[in-house]
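# Close look at the chain arrangement
Read off the chains here:
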Amino acid sequence: MEKSQKDTFIFGIHPVMEALEAGKTIDKAWLLEGHLQGQLLEVMKLFRARNIIWKSAPPERLNRMVKGNHQGVIISMSAVEFAQLDVVVADAYEKGEDPFILILDGVTDVRNFGAIARTAACAGVHAILVPEKGSAPLSSDAVRTSAGALMKLPVCRTQSLYHAIRQLKNSGLRIVGASEKTPQGLYDSDLSGPIAIVMGSEDTGLSTDTWKQCDEVVKIPMSTKGVGSLNVSVAAGLVTYEVLRSRLKGK
């Protein structure tokens, strides 16, 4: 099976179809922009049948991504297997634990994602939830940056973050977002019980739609000598460990 120098890429119609038929976990997919026909149309039908979201890309972009005859299709393999969100939550309850989910709303940097996963595993997070679109690729680089945490910590992926958050609410979890654009302080909030923490993107923070779904939005206190905001991986560490501190205090 032909791969690019980035070992998570597979390209060409037959290699891609082989990966799909073998049930491989696909992280990202790209199809040639424009009218699809012939075998590319068959690939698109396989994507739809397996609920794989793809991006349309012009030929010049596909040519930049890989060296070789991509034949109009490239996929990126996931370095981890995805877990089912409802199963993770149910398992936590069955163990007598309050579910603790970390939602990453638009974190696209691989190193940030890996660093967040490493901290989340240490803080007792049951799973990380990410959207299919607008999320960092779950590549071998992410696994390395996480120091292997991504091989142990469940990652759940959803086509609709809105519906996934509603699912968590229906399962009894409070949704708490983190943003510097709120007056509510992190250390003044009750973070006990079943909870999902939402961290926004590196550039724009929480999306408007996600903010509206939060039961509460908190901010990390900052010194007046600060630079304005924290790196998302550092911020995620502070918030998740505040949840852990709250849980340890309650024991």
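That block above? That's the structure.
These lines cover the structure that appears in this document, whether it is placed above or below. (Residues numbered from 1 in each chain as written. Predicted model: local features only at pLDDT ≥ 70, side-chain atom pairs only at ≥ 80, totals over all residues. Heavy atoms only, no water.)

## Some details on the overall build of the protein
- For the protein, the helix and strand inventory stands at nine helices and 11 strands.
- Computed over its C-alpha atoms, the radius of gyration of the protein comes to 20 Å, within 12% of the 18 Å expected for a compact globule of 251 residues.
- Dimensions of the protein along its principal axes, counting C-alpha atoms only, are 60 × 45 × 35 Å.
- In the protein, which comprises 251 residues, the share counted as buried stands at 49%.
- When contacts within the protein are restricted to residue pairs at least 6 apart in sequence, those whose partners lie at least 24 apart make up 78%. (Helix = DSSP H or I, 4+ residues; strand = E, 2+ residues; numbered from the N terminus. Rg over C-alpha atoms; globule rule 2.2 N^0.38 Å. Buried < 20%, exposed > 50% of the residue type's maximum accessible area, 1.4 Å probe, protein only. Contact = heavy atoms within 4.5 Å.)

## Here's the deal with the sheet that holds strand S8 (residues 155-158)
- A sheet is described by the order of its strands in space; here seven strands give the open sequence S5-S8-S7-S6-S10-S9-S11, paired in parallel fashion. Each end of this open sheet is capped by a strand with a single partner; those strands are strand S5 (82-83) and strand S11 (216-218).
- For strand S7 (residues 127-131) and S8, the ladder comprises four bridges, and the chain directions are parallel. Directly across from Ile128, in S8, lies its bridge partner Val155.
- Across the sheet, helix H4 (residues 85-94) lies against S5, strand S6 (100-105), S7 and S8, angled at about 150° from S6, the strand it touches most. (Pairing = 2+ DSSP bridges. Axes fitted to C-alpha atoms, helices over the stretch in contact; angles between N-to-C directions.)

## Observations regarding helix H9 (residues 232-250)
- Taking 1.5 Å as the rise per residue, H9 with 19 residues should run 27 Å; its terminal C-alpha atoms sit 27 Å apart, in good agreement.
- Of all the positions in H9, only Val232, Ser233, Ala235, Ala236, Gly237, Val239, Thr240, Glu242, Val243, Leu244 and Ser246 are classed as buried.
- Tucked into the core, H9 has its buried residues touching S6, helix H5 (110-122), strand S9 (174-178) and strand S10 (195-200). (Expected span 1.5 Å × (residues − 1).)

## What to know about the packing of aromatic side chains
- Enumeration according to the criterion identifies two aromatic pairs in this entry.
- Ring geometry for Phe9 and Trp30: centres 5.8 Å apart, planes at 75°, overall edge-to-face. Remark: Trp30 occurs in strand S2 (residues 26-32) and Phe9 occurs in strand S1 (residues 9-11); sequence separation between them is 21 residues. For the pair formed by Phe9 and Trp30, the shared burial category is buried.
- Consider the rings of Phe47 and Trp54, whose centres lie 6.0 Å apart with planes at 35°: the pair is tilted. (Phe/Tyr/Trp six-rings, centres within 6.5 Å; stacked < 30°, edge-to-face > 60°.)

## Topic: the environment of Gly38
- With respect to the helices and strands, Gly38 occurs in helix H2 (residues 38-49).
- On the basis of relative accessibility, which here comes to 51%, the residue Gly38 falls in the exposed class.
- With 43 residues separating them along the chain, Gly38 and Glu81 place their C-alpha atoms 31 Å apart.

## A closer look at the pairing of S9
- The element S9 is largely enclosed, with a buried count of four among its five residues.
- Across four bridges, the pairing between S9 and S10 is parallel. Paired with Arg174 across the strands is Ile195, a residue of S10.

## Brief notes about the packing of H4 against helix H7 (residues 161-170)
- Orientation of H4 relative to H7, taken along the N-to-C sense of each, is 20°, at an axis distance of 11 Å. If you check the angle between H4 and H7, you find them roughly parallel. Viewed along their axes, H4 and H7 form a crossing whose handedness is right-handed. Along its contact with H4, which presents Leu85, Asp86 and Val89, the element H7 presents Ala164, Gln167 and Leu168.
- Residues belonging to the contact of H4 with H7 are distributed by class as follows: four nonpolar, one polar and one charged. (Parallel < 35°, antiparallel > 145°, perpendicular 65-115°, else oblique. Left-handed = near helix turned anticlockwise from the far one by under 90°. Nonpolar A, V, L, I, M, F, W, Y, C, P; charged D, E, K, R; others polar.)

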